[in-house]
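# Observations on the three-dimensional arrangement
Below, each chain spelled out in residue letters.
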Amino acid sequence: MDREILLEKVREAAKAEKQRAIDECEKFERQYGRKPSKKEKNKINGLPARMTSLVFDKKADKFYTATSGRAPSRESFNSLLKERMPNPSLESGRDPESCAEVQAADKALNCRDNARISDLIIATVLTGDETPQVRCENCKVTLREALVITDEMAEQEMKNVQIQ
Ligand SMILES: [Zn+2]
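Because the structure is a prediction, the values reported are computed rather than measured.

## Observations regarding the sheet that holds strand E1 (residues 51-57)
- Pairing is mixed in the open sheet, where 4 strands are placed in the order E2-E1-E3-E4. The outermost strands of the open sheet, each flanked by one partner alone, are strand E2 (62-67) and strand E4 (147-148).
- As judged from the 2 bridges shared by strand E3 (residues 120-126) and E4, these two strands associate in the parallel manner. Along E4, the bridge assignment pairs Ile121 with Leu147.
- Each of E1, E2 and E3 is contacted by helix H1 (residues 3-32), which is oriented at about 140° to E1, the strand it contacts most.
- Its contacts with the sheet place helix H4 (residues 100-110) against E1, E2 and E3, and it is angled at close to 30° to E1.

## Remarks on unusual backbone geometry
- In this structure, Pro88 follows Asn87 across a cis peptide bond, with omega equal to 5°.
- Locating Pro88 in the fold gives a position in the loop between helix H3 (79-82) and H4.
- Positive phi, close to 60°, is recorded for Asn45, a residue that is not glycine.
- On the secondary structure map, Asn45 appears in the loop between helix H2 (38-43) and E1.
- Judged by the 14 C-beta atoms lying within 10 Å of it, Asn45 falls in the partly exposed class.
- Even without a glycine there, the phi angle at Glu130 is positive, about 65°.
- Residue position: Glu130 is located in the loop between E3 and helix H5 (137-142).

Scoring rules and cut-offs
- Residues numbered from 1 in each chain as written.
- Predicted model: local features only at pLDDT ≥ 70, side-chain atom pairs only at ≥ 80, totals over all residues.
- Pairing = 2+ DSSP bridges.
- Helix = DSSP H or I, 4+ residues; strand = E, 2+ residues; numbered from the N terminus.
- Contact = placed C-beta atoms within 7 Å.
- Axes fitted to C-alpha atoms, helices over the stretch in contact; angles between N-to-C directions.
- Buried ≥ 20, exposed ≤ 12 C-beta atoms within 10 Å, placed from the backbone.

Take a look at the structure:
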């Protein structure tokens, strides 16, 4: 699978997430005749998730997407992820369950018997500006065996910034 195609697809998913948030706010506005406050936006899920991830299962030739934020319970995750998730979290104030890439990987692993983490290729962007993001310390452990193309892209981008 071409990396550019994966990046294009995760950016499409980020755009869809931004649109979803706009739609929620417009729904509110139609109902109440005014724009929602920041607090109300939180309540109606009217803010886009910070991160958007795409997971490609290379053996099934299928894509799965997810966004960060709300953390499902650890128990609800596929056992391959559950047993690898750091406990306690390696990121202060952020649980391993809340990341977009683990939630997308969970969908992929649950959709095919015998799917392995090493079958997965992952791309994650910041939803807002769609730039590639490096995995957090939790995901580096939980998804160690996956190929994460945006880790390298983001590191390359940081190097370029330093050179300029
Ligand atoms: Zn993470």
